[in-house]
Amino acid sequence: MKRIIMHIDVNNAFLSWSAIDLLNNGSKYDIRKSYAVIGGDEKKRRGIVLAKSIACKKLGIKTADTLYSAKQKCPALRVFPPNFPFYKEMSKKMFSLLSVYSPDIEVASIDECYLDYGKVQNLYGDPFLFAKKIQKQIFDELGFTVNIGIANNKLCAKMASDFSKPYKIHTLYEEEVEEKLYPLPIEELYGCGKRTSEKLRKFGIKTIGDLAHFDVESLKPIFKNMAVPLVESARGINRDLVCSEAWIPKGIGNEITLPKDIQDKNELLLYLREITENVALRLRKQKKYAYTVCVTLKTKDFKRRSHQKKRKNATDGTEELYETVREVFLEMQIEEGVRLIGVRLDHLTDYRTIQGTLFDSFEQIDDHSKLDEAIDTMKRKYGIKVIKKASAVEKVSFENRKD
Ligand SMILES: [Mg+2]
């Protein structure tokens, strides 16, 4: 089956985000609609243009121009300093919004990512309509526009998102490569730098199509082992995978030594519940979501055993995590007294993911998060053991009765 990859790219990210930041802070005018640039320190002569408005672009101001030369091109120019913490926040919000639809997102830079749509297409349907929907959602909820490129691989998706801007969606499927990619000048081939394209032009290669049809063998003496990948990319061929793992940090865990050796599964579950609450609290403090749940135990003869499971969705909810902990634990054989027990959360991401589209499950998740939030606040205020959810309290009082 053919892959479907989307490349989502914020239009003029730094300028758009600064505009939002300024509007949020009471500014009356939108710098996107005036002669404005985001620039480094003006007092230091090194200051350069990091981003420019469309009006500035029309006057010939380019990214990486010195502020000095930009002002010569446009005396009315206003320069705004970058606000990187705010950019990061906006970036995170966008990836977070997208990862609700798919865990297979590769963050390529602060303002762009790839989404492996093929894997979730059966949930959301037509790629173009889906792209329209998320483009609108980003605009409505976050206030900025993105371009989206849709294709059968990363290279073509990236190229497509660059076709024309802003707020556009372009496709560049395999069958469209000849029509849409081949006429472009060779300089526009992604990954083909200035020096490479200069060399290619010496071969009479002016367009991407020229390169696509060129004899690879005759390029080999100059480009060595880059010759084949170059010609392949001109033909729109690319096999790179969407690597969502790259931004997944290390796990969080906790284990406790029990006051006595315990073999009773129900009793052990009470401890697991307590541990899960605490690791989930740490997870939420770090604003992370976990895919994998691992239960570890040590028997009285010091043998260590662990068992784990990867969830379909990443979560930070105590209830959901405990459900998986319980499942994993009940699959473990307990034939002797346990002296140590622990829970570990792995495959952490910065974003919650939701599989499926059932509405009631969204609402349930929302309710649980609110409850978790309230409990976290209480725990921070009054200490870790003071408050438990009703389900935990029931079990605890049951245990008390037993005593
Ligand atoms: Mg961008």
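Refer to the structure printed above.
Residues numbered from 1 in each chain as written. Predicted model: local features only at pLDDT ≥ 70, side-chain atom pairs only at ≥ 80, totals over all residues. Heavy atoms only, no water.

**Notes on the side chain of aspartate 9**
Selection rule: A run of H or I in DSSP counts as a helix once it spans at least four residues, and a run of E counts as a strand once it spans at least two, with each numbered from the N terminus. Each residue gets one of three labels from its accessible area relative to the maximum for its type: buried under 20%, exposed over 50%, partly exposed in between, using a 1.4 Å probe on protein chains only. For the purpose of counting charges, residues Lys and Arg are taken to be positive, whereas Asp and Glu are taken to be negative. His and the chain ends are not included. Just to be clear on terms, a salt bridge is a Lys or Arg side-chain nitrogen sitting within 4 Å of an Asp or Glu carboxyl oxygen. Contact between two residues is taken to exist if any of their heavy atoms lie within 4.5 Å; hydrogens are not considered.
Inspection of the secondary structure puts aspartate 9 in strand 1 (residues 5–10). No salt bridge is formed by the buried aspartate 9. Its closest oppositely charged neighbour is lysine 165, at 4.3 Å. Not counting the four nearest positions on each side in its chain, aspartate 9 is found in contact with Asp111, Glu112, Val146, Asn147, Ser161 and Lys165.

**With respect to the pairing of strand 1**
Operational definition: Two strands make a pair as long as DSSP finds a minimum of two bridges between them.
With six of six residues buried, strand 1 is to be regarded as a mostly interior element. On strand 1, burial covers both faces: Ile5, His7 and Asp9 on one face and Met6, Ile8 and Val10 on the other are all buried. In the sheet, strand 1 pairs with strand 7 (residues 146–151) via six bridges, with the strands oriented antiparallel. Bridged to histidine 7 within strand 7 is glycine 149.

**Concerning the pattern of salt bridges**
Using the criterion set out here, one finds 23 salt bridges in the structure. We note a salt bridge from aspartate 65 to lysine 73, for which the minimum N-O separation is 2.8 Å. Overall, the relative accessible area of 35% leaves lysine 73 in the partly exposed class. Taking the shortest distance from any N to any O, the salt bridge between arginine 344 and aspartate 346 comes out at 3.3 Å. Take arginine 344: its relative accessible area is 33%, and that puts it in the partly exposed class. The structure contains a network of salt bridges with shared partners spanning Lys2, Glu174 and Glu175.

**Concerning unusual backbone geometry**
Glycine aside, residues mostly have negative phi, and peptide bonds are mostly found in the trans state. The step from lysine 165 to proline 166 runs through a cis peptide bond, and the omega angle for that step is -10°. Residue position: proline 166 is located in the loop between helix 7 (154–161) and strand 8 (169–172). Positive phi outside glycine occurs at asparagine 12, with the angle close to 50°. Locating asparagine 12 in the fold gives a position in the loop between strand 1 and helix 1 (13–24). Positive phi is not limited to glycine here, since tyrosine 167 has a value of about 60°. Checked against the element boundaries, tyrosine 167 lands in the loop between helix 7 and strand 8. Taking the relative accessible area as the measure of exposure, tyrosine 167 reaches 34% and is therefore partly exposed.

**With respect to the sheet that holds strand 11 (residues 304–315)**
Worth spelling out the cut-off: Lines fitted to C-alpha atoms define the axes, with helix axes restricted to the stretch in contact, and inter-axis angles between N-to-C directions lie between 0 and 180 degrees.
A sheet is described by the order of its strands in space; here four strands give the open sequence 9-12-10-11, paired in antiparallel fashion. Both outer strands of the open sheet, strand 9 (252–262) and strand 11, are each paired with one neighbouring strand and no more. Looking at each pair of strands side by side, their axes are set apart by 15° on average, direction ignored. Here strand 10 (residues 289–299) pairs with strand 12 (residues 338–349) via 10 bridges, running antiparallel. Bridged to lysine 298 within strand 12 is leucine 340. Running at roughly 145° to strand 11, helix 14 (residues 318–330) makes contact with strand 10, strand 11 and strand 12 of the sheet.

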